[in-house]
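Each chain, letter by letter, is given below.
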Amino acid sequence: MTQITEKMIDKPRRIGFLLINGFTMLAFSNIIEPLRMANYVSEQLLYSWVVAGFDDNKTSSSNGIKLSHTAPLDYLLTCDLVFVCGGHQTDYLESSKLITLIQRLAVRDIALGGLCTGALALAAAGLLEQQAASLHWENISVAQESYPGVIFNDQIFTIAPQLYSCSGGACALDMTLHIINKHHGHHIVSKIQDMFIITSIREPTYVQHMPKPKILSSSYTNVIDAIALMKTNLEEPLSVKDIAHHLGLSSRQLQRIFNKNFSCSPQQYYVRLRLEHAKYILKHTTLPISQIVLASGFIDNSAFSSAFKKNYGMTPSHYRQENQLI
């Protein structure tokens, strides 16, 4: 096996993991393993990490396995980025002890991440006011009532300056690869993909899967049918009126249904689907942007470029240059 040599970058980034009792092991593994692999494929110490928690020397995960801490809590104050690793148990996320620690980290300008329900701890510490954050779909409704000043979204993860939030599970892998790409470039991420046999990386705007409820409401059925219509009409987008008419609804009813389920209008959701389609083509093909504009249902290059930059913070050409896989 390749050995990590003593050659090091100027300063390896130090990552902290603050484990909350019942934390999701899958999400935790999907962050720490890509960091380990980044060191391996680069043959440099790009990342180091510490694991800490409040319960003696070990914290129980969601599957009952107890993970040993590698450092006391104060070591987190030496980190560049600290992830609060939550899970199905949410009671402790609002404890004064945890909130105080998070606020101490924030004062030191340490970047913070909320994993699974970890975003609730960041919200309780007052760090997410007027900020967008990703949270597992199971917790969004209650969280929005508890923290009305936070913009909880249905994206798989959200990256903002000094703040990261992830809905958990496999999504943590996508987020971590984006973070590594930001730090060290696509060439390192590509090598990690090869080692982990990862064929594609989802973008942060990818919407969480909506689970089918035990009792199918008309609202749920209408949403699924509307999205299906949108996905089959990306090149020639339907109007909201046409979609509503096809479903036997009024435009106003369709607006209410999307606001209830996604906190956005059908138009906004439709644009996101078309932009995700365009982004995939940009990354995986060499098609001219003019053809991608048509394939994603925009009227011209200017409208496409404007919408793309508004949603992703860069032009389509810049995105292709940074992310193209072929």
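Up top you'll find the structure we're talking about.
Overview of the structure. This is a predicted model, so every value here is computed, not measured. (Residues numbered from 1 in each chain as written. Predicted model: local features only at pLDDT ≥ 70, side-chain atom pairs only at ≥ 80, totals over all residues. Heavy atoms only, no water.)

Focus on the nonpolar core
In this structure, Phe-17, Phe-28 and Phe-83 are the most contacted members of the largest nonpolar core, which totals 38 residues. Of all the secondary-structure elements, those providing two or more residues to this core are β1 (13–19), α1 (25–42), β2 (47–53), β5 (81–85), β6 (111–115), β10 (163–166), α5 (171–184) and α6 (186–196). Counting residues per element, this core draws most heavily on α1, at 10 residues. Setting aside residues up to four positions removed in sequence, Phe-83 forms contacts with Ile-15, Gly-16, Phe-17, Leu-18, Ile-31, Gly-113, Tyr-164, Met-175 and Ile-179. (Core = buried A, V, L, I, M, F, W, Y, C linked by side-chain atoms within 4.5 Å. Buried < 20%, exposed > 50% of the residue type's maximum accessible area, 1.4 Å probe, protein only. Helix = DSSP H or I, 4+ residues; strand = E, 2+ residues; numbered from the N terminus. Contact = heavy atoms within 4.5 Å.)

So, the side chain of Asn-30
Position of Asn-30 relative to the elements: it lies in helix α1. On the basis of relative accessible area, Asn-30 is assigned to the buried category, the value being 16%. Of note is the side chain of Asn-30, whose polar atom sits 3.3 Å from the backbone oxygen of Gly-169. Not counting residues within four places of it along the chain, the set of residues in contact with Asn-30 comprises Gly-169, Ala-170, Ala-172, Leu-173 and Thr-176. (Polar contact = N/O pair within 3.5 Å; in protein donor to acceptor, adjacent residues only side chain to side chain.)

A short note on the packing of α5 against α6
Between α5 and α6, whose axes approach to 7 Å, the crossing angle comes to 145 degrees. On the side of α5, the interface is formed by Leu-177, Ile-180, Asn-181 and His-184, while α6 contributes His-186, His-187, Ile-188, Val-189 and Ile-192. Residue classes in the contact of α5 with α6 are distributed as 5 nonpolar, 4 polar and no charged. (Axes fitted to C-alpha atoms, helices over the stretch in contact; angles between N-to-C directions. Nonpolar A, V, L, I, M, F, W, Y, C, P; charged D, E, K, R; others polar.)

A few points about the pattern of salt bridges
Counting across every chain of the model gives 7 salt bridges. The partner of Glu-33 in a salt bridge is Arg-36, and the shortest N-O contact between them spans 2.8 Å. Remark: Arg-36 and Glu-33 occur in helix α1; sequence separation between them is 3 residues, near one turn of the helix. Accessibility expressed as a relative area gives 31% for Glu-33, which makes it partly exposed. Here Lys-283 and Glu-203 are joined by a salt bridge, their closest N and O atoms 3.2 Å apart. In this pair, Lys-283 is assigned in helix α10 (residues 266–284) and Glu-203 in the loop between α6 and α7 (218–231), connecting sequence segments 80 residues apart. In this structure, a network of salt bridges that share partners links the residues Glu-203, Glu-276, Lys-279 and Lys-283. (Salt bridge = Lys/Arg side-chain N within 4 Å of Asp/Glu carboxyl O.)

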